[in-house]
Amino acid sequence: MKKNSSLPLPESAARRRIAVIGAGIAGIACARTLVQAGHEVMVFEKSRETGGRMATRDSEFGGFDHGTQYFTARDPRFEKALATASGLVRPWSANTVRILDELGRVVASALPPKEAHWVATPGMNALVRQWAQPLAAAGRLQLETEVIRLERDKLHPEQWQLQTEGPGAGSLVHSGFDAVVLALPSPQAHALLLSSQQGKPLMSELSKVSVAPCWTLMLAFPQAMQPTMTHLGPHWNAARSTHHRIAWLARESSKPGRSPIERWTVQASPDWSQRHLEDDAERVKAKLLKAFTEVTGIRAAPPHAVVHRWRHAQTLQPLGKTHAWDAKSGIGACGDWCLGHRVEDGFVSGLEMALELA
């Protein structure tokens with residue numbers, strides 16, 4: 001994947017100015033590939049950090065990977081890209097995963113994984129952050145900048161301009177883009193196109209995609225750090241659960257490069273998250289904490305307990321191809337939702353979107 005960005009573009013290629021909206025793994029993979037191909041790229045991200053759901057929530061007790069828990073690598077291009085992340089990616093021995101019934105009882109041991117489970121260290125956000133660093137250093141990454149509208153450039157109607165909002169700067173217009181890539185969750189990409197009254201062919205494609213939300217609970221138990229106690233509760237470090245509230249649990253402190261303080265990330269099921277999407281956060285926390293106790297048997301009160309709501313988390317119905325591109329308008333869309341919900345799906349989607357444009 002790594003190319004020499006100093007090489008001239010092929011004669012058939014023209015240097016273009018491209019806007020990438022979204023700095024998750026799909027957006028950053030797309031942007032850096034386009035830069036390596038010699039194009040001028042600007043990335044806009046409404047959050048304070050890059051990474052999207054490859055996120056890490058810091059606390060006084062250590063970090064929580066409250067979005068993506070781990071990733072696999074099957075595509076050789078993804079494997080090659082990971083090789084450039086020297087020292088950041090390490091295997092996580094998650095082969096103690098159990099399948100639990102709705103009462104928390106172990107009903108079957110999962111088979112040892114056929115492929116490695118990888119994590120970034122010291123948190124999942126470290127990988128995308130490193131890949132985005134050259135973009136940031138070159139002034140090609142604007143954080144805390146939300147794109148609220150796409151419209152044709154007033155001076156050059158064949159190009160695009162973006163209306164953005166950000167703290168301090170207020171509303172700004174960025175113009176002169178030959179193409180725009182929406183590296184956003186599909187509902188957000190659809191909403192932006194709809195409010196901008198642009199990209200009707202893309203909207204039609206995106207409307208076929210279905211993505212579920214996820215409530216995530218983060219717990220810390222510093223009281224487990226005692227000479228006679230190495231951890232609380234079960235002897236497994238991760239579990240897929242059929243409990244009516246919980247789909248996944250992971251002991252964060254079991255991952256390489258993490259703080260040893262006992263910490264758990266608990267992710268609610270898509271159905272439960274959807275039914276309780278607009279519930280009060282304290283109510284959600286209480287319900288998930290009760291379910292966590294039922295599944296793990298840990299009854300100690302956690303000094304740290306917070307929840308996070310992901311409105312767009314797990315793809316239920318993917319697009320069915322690597323990316324969407326409307327050549328007539330010059331607008332494209334990419335993300336894990338094109339192929340599934342894995343980290344690698346996001347990377348491949350962003351890469352293929354860039355190759356379409358490069």
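Residues numbered from 1 in each chain as written. Predicted model: local features only at pLDDT ≥ 70, side-chain atom pairs only at ≥ 80, totals over all residues. Heavy atoms only, no water.

Caption draft 1: Focus on the pairing of strand S12 (residues 210–221). Counting buried residues in S12 gives eleven out of twelve residues, a clear majority hidden from the surface. Here S12 pairs with strand S15 (residues 262–268) via six bridges, running antiparallel. By the bridge assignment, Phe221 is partnered in S15 with Glu262. (Buried < 20%, exposed > 50% of the residue type's maximum accessible area, 1.4 Å probe, protein only. Helix = DSSP H or I, 4+ residues; strand = E, 2+ residues; numbered from the N terminus. Pairing = 2+ DSSP bridges.)

Caption draft 2: View of the sheet that holds strand S10 (residues 170–177). Read from one edge to the other, the open sheet built from three strands follows the order S8-S9-S10, with strand pairing classed as antiparallel. Looking at strand neighbours, the two that pair on one side only are strand S8 (146–152) and S10, the edges of this open sheet. On average, each strand axis in the sheet is inclined to that of its neighbour by 25°, with strand direction left out of account. In the sheet, S8 pairs with strand S9 (residues 160–166) via six bridges, with the strands oriented antiparallel. Looking across to S9, one finds that Glu151 is bridged to Gln161. (Axes fitted to C-alpha atoms, helices over the stretch in contact; angles between N-to-C directions.)

Caption draft 3: Highlighting unusual backbone geometry. Geometrically, the link from Thr121 to Pro122 is a cis peptide bond, its omega value of 5° lying close to zero. With respect to the helices and strands, Pro122 occurs in the loop between strand S6 (118–120) and helix H3 (125–137). Unusually for a residue other than glycine, Gln197 sits at a positive phi of about 55°. Position of Gln197 among the secondary structure elements: in the loop between helix H4 (186–196) and helix H5 (200–206).

Caption draft 4: Main features of the packing of aromatic side chains. Applying the stated criterion to the full structure yields nine aromatic pairs. On the numbers, 5.9 Å between centres and 45° between planes, the contact of Trp131 with Phe347 is tilted. Of this pair, Trp131 sits in helix H3 while Phe347 sits in helix H8 (residues 343–357), and the two are 216 residues apart along the sequence. Accessibility expressed as a relative area gives 0% for Phe347, which makes it buried. Taking 5.7 Å as the distance between ring centres and 65° as the angle between the ring planes, the aromatic pair formed by Trp264 and Phe292 counts as edge-to-face. Here Trp264 is found in strand S15, whereas its partner Phe292 is found in helix H7 (residues 281–296), with 28 residues between them in sequence. (Phe/Tyr/Trp six-rings, centres within 6.5 Å; stacked < 30°, edge-to-face > 60°.)

Caption draft 5: Geometry of the pattern of salt bridges. One pass over the full model with this rule turns up 18 salt bridges. Residue Glu278 pairs with Arg309 through a salt bridge whose shortest N-O separation is 3.5 Å. Here Arg309 lies in strand S16 (residues 304–317) and Glu278 lies in the loop between helix H6 (270–275) and H7, a separation of 31 residues in the sequence. Overall, the relative accessible area of 55% leaves Glu278 in the exposed class. Taking the relative accessible area as the measure of exposure, Arg309 reaches 31% and is therefore partly exposed. Put simply, Glu278 and Arg311 hold a salt bridge, and the shortest N to O gap is 3.0 Å. One end of the pair, Glu278, is in the loop between H6 and H7; the other, Arg311, is in strand S16, with 33 residues separating them in the sequence. Arg311 sits in the partly exposed class, given a relative accessible area of 37%. When salt bridges with common partners are traced through the structure, they connect Asp65, Glu252, Lys255 and Arg258 into a single cluster. (Salt bridge = Lys/Arg side-chain N within 4 Å of Asp/Glu carboxyl O.)

Caption draft 6: Highlighting H4. The set of residues buried in H4 consists of Ser186, Ala189, Leu192, Leu193 and Ser196. Projected onto a plane normal to the axis of H4, the buried residues spread over an arc of 130° and lie on a single side. Lining the buried residues of H4 we find strand S1 (17–21), S8, strand S11 (179–182), H5, S12 and strand S18 (331–333). In the stretch just after H4, Gln197 is the one whose phi turns positive, near 55°. (Arc of directions from axis to C-beta. Contact = heavy atoms within 4.5 Å.)

Caption draft 7: Quick look at the sheet that holds S1. In space, the six strands of this open sheet follow the order S7-S2-S1-S11-S18-S17, with mixed pairing throughout. Two strands bound the open sheet, and with one partner strand each, they are strand S7 (141–142) and strand S17 (324–326). In this sheet, S18 lies alongside S11 in parallel orientation, the contact comprising three bridges. Among the inter-strand pairings, Leu182 is bridged to a residue of S18, identified as Ala333. Packing of H8 onto the sheet brings it into contact with S1, S11, S17 and S18, and relative to S17 it is tilted by some 25°.

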